[in-house]
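Residues per chain are reported as follows:
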Amino acid sequence: MLIRVLGSAAGGGFPQWNCGCDNCRGLRDGTIRAQARTQECVAVSADGSGGSVLLNCSPEIRGQIESAPTLHPRAPRHSPISAILLTNGDLDHCLGLLSLRESHRLIVYATDPVERGFTRGNVLYRTLERFPGQVRWHILKTGREEDIVDVDGRATGLTVHAVVVPGKAPLHLEGERPADPEDNVGFRIREARTDRVLAYLSGVASVTDAVRQAIAGAHAVFFDGTFWSGDELPALGLGTKRAEEMAHMPVGGRTGSLAQLADARAGRRIYIHINNTNPMLREDSPERAAVAAAGWEVARDGMEVKI
Ligand code: MLT
Ligand code: MN
Ligand code: ZN
């Protein structure tokens, strides 16, 4: 299985257009050791298959596709993108769907509340209803493994097992309807031929048994690396909410994922969905050293992981 990181940042990207924090300013000035990042999106393909499955579809999808030759068209009208899977309905994960509106048939895998949140009452969604069957939604049921097929039903060589992960409804739907456990999921993606497994959990509010099971034995794990500390935004004067209130468990500290997952049995362990304020973005920071010492990596755009 080949995993290519198209975008590794949280919503807003790095640097973020309206952010002058030390990281964003330092990156623009060239005074910190760090690399720019676009918003989270990952392409996965089974060995030898021409197609790729996208995990999430960021607002920067056009440039992300251009950055990856394997995602370029191979005919006057064509895309090697076989399917798109959504972990939740946050705009940094699904706004890019509206950019794929050039009259191309798509299949999108999402849970029922994520599908409804994107399609219902959304007048802009009509741009993906330009002709009958433009988008086929495949409603993911959690807790079971299913084949991932393309819009014509052809195998991709990959299966998905969606797992309920503590999270929340997207900000724009808060107060519109009650929260649903299926608002946020993680994936175990398995390559059918080789049994290689990717665990993909880019938004995690806390570690539950289901989260541990999703990770166990995976050959690669991508995990929520949004914030280093719970009070990261308030401490910088950039927001009022703690990481936990935004449904992101921090990486550092006693309750953070490095400590909570210290005993996780898995192959490569990689943080993704990294907010621009996170000190581990700086390649020479003590936080980055702590991540590396614990055997974790920090995703960057263009990174390829073969498992
Ligand atoms: C999140 O990851 O918490 C969301 O992307 C926040 C947002 O939508 O701004
Ligand atoms: Mn996000
Ligand atoms: Zn910033």
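Residues numbered from 1 in each chain as written. Chains lettered and ligands numbered in written order. Predicted model: local features only at pLDDT ≥ 70, side-chain atom pairs only at ≥ 80, totals over all residues. Heavy atoms only, no water.

Assigned secondary structure in the protein consists of eight helices and 14 strands. Computed over C-alpha atoms, the radius of gyration of the protein comes to 18 Å, within 12% of the 19 Å expected from 2.2 N^0.38 for 307 residues, which places it in the range of a compact globule. Overall size of the protein, expressed as C-alpha extent along the three principal axes, is 50 × 40 × 40 Å. With 307 residues in all, the protein has 52% of them scored as buried. Long-range pairs, those at least 24 residues apart, make up 67% of the contacts in the protein between residues at least 6 apart in sequence. (Helix = DSSP H or I, 4+ residues; strand = E, 2+ residues; numbered from the N terminus. Rg over C-alpha atoms; globule rule 2.2 N^0.38 Å. Buried < 20%, exposed > 50% of the residue type's maximum accessible area, 1.4 Å probe, protein only. Contact = heavy atoms within 4.5 Å.)

Further remarks concern the environment of Asp150. Along the chain, Asp150 falls in the loop between β7 (145–149) and β8 (155–164). Asp150 sits in the buried class, given a relative accessible area of 11%. Sequence separation between Asp150 and Ala289 is 139 residues; the distance between their C-alpha atoms is 41 Å. Excluding residues within four positions of it along the chain, Asp150 makes contact with Ser82, Ile107, Arg136 and Thr156.

The protein atoms that coordinate the zinc ion (ligand 3) are Cys19 (SG), Cys21 (SG), Cys24 (SG) and Asn276 (OD1), at distances spanning 2.2 to 2.3 Å. Seen from the zinc ion (ligand 3), its four donor atoms lie at angles of 101 to 118 degrees, and the figure they make is tetrahedral. Each donor residue of the zinc ion (ligand 3) lies on the same chain, and together they follow the pattern C-x1-C-x2-C-x251-N. Highlighted residues: Cys24 in helix α1 (residues 22–29) and Asn276 in the loop between β12 (268–272) and α8 (286–293), separated in sequence by 252 residues. Per residue, the accessibility class of Cys24 equals that of Asn276, and both read buried. (Donors = N, O, S within 2.8 Å, 3.2 Å for Na, K, Ca; no water. Tetrahedral: all angles 85-135°; square planar, octahedral: opposite > 155°, others 65-115°.)

Before going further, it helps to examine the site of ligand 1. What surrounds ligand 1 is the set Asp90, Asp92, Leu171, Met246, His248 and His273. Between ligand 1 and the protein, one listed contact pairs an oxygen atom with a side-chain N or O atom of Asp92 at 2.9 Å. With respect to ligand 1, the side chain of His248 contributes an N or O atom lying 2.8 Å from an oxygen atom. Coverage of ligand 1 by the protein amounts to 75% of the 270 Å² it exposes when considered alone. (Near = heavy atom within 4 Å. Polar contact = N/O pair within 3.5 Å; in protein donor to acceptor, adjacent residues only side chain to side chain. Areas by Shrake-Rupley, 256 points an atom, 1.4 Å probe, with all protein chains shown as cover.)

Another aspect to go through is the pattern of salt bridges. This model, assessed by the stated rule, comprises 16 salt bridges. Residues Asp183 and Arg177 are paired through a salt bridge, measuring 2.8 Å at the closest nitrogen-oxygen approach. The buried category is assigned to Asp183, whose relative accessible area is 3%. Residue classification places Arg177 among the partly exposed positions, given a relative accessible area of 21%. With its nearest N and O atoms 3.3 Å apart, the salt bridge here joins Arg242 to Glu244. We classify Glu244 as partly exposed; its relative accessible area is 34%. Through salt bridges with shared partners, a single network forms among Arg105, Asp150, Asp152 and Arg154. (Salt bridge = Lys/Arg side-chain N within 4 Å of Asp/Glu carboxyl O.)

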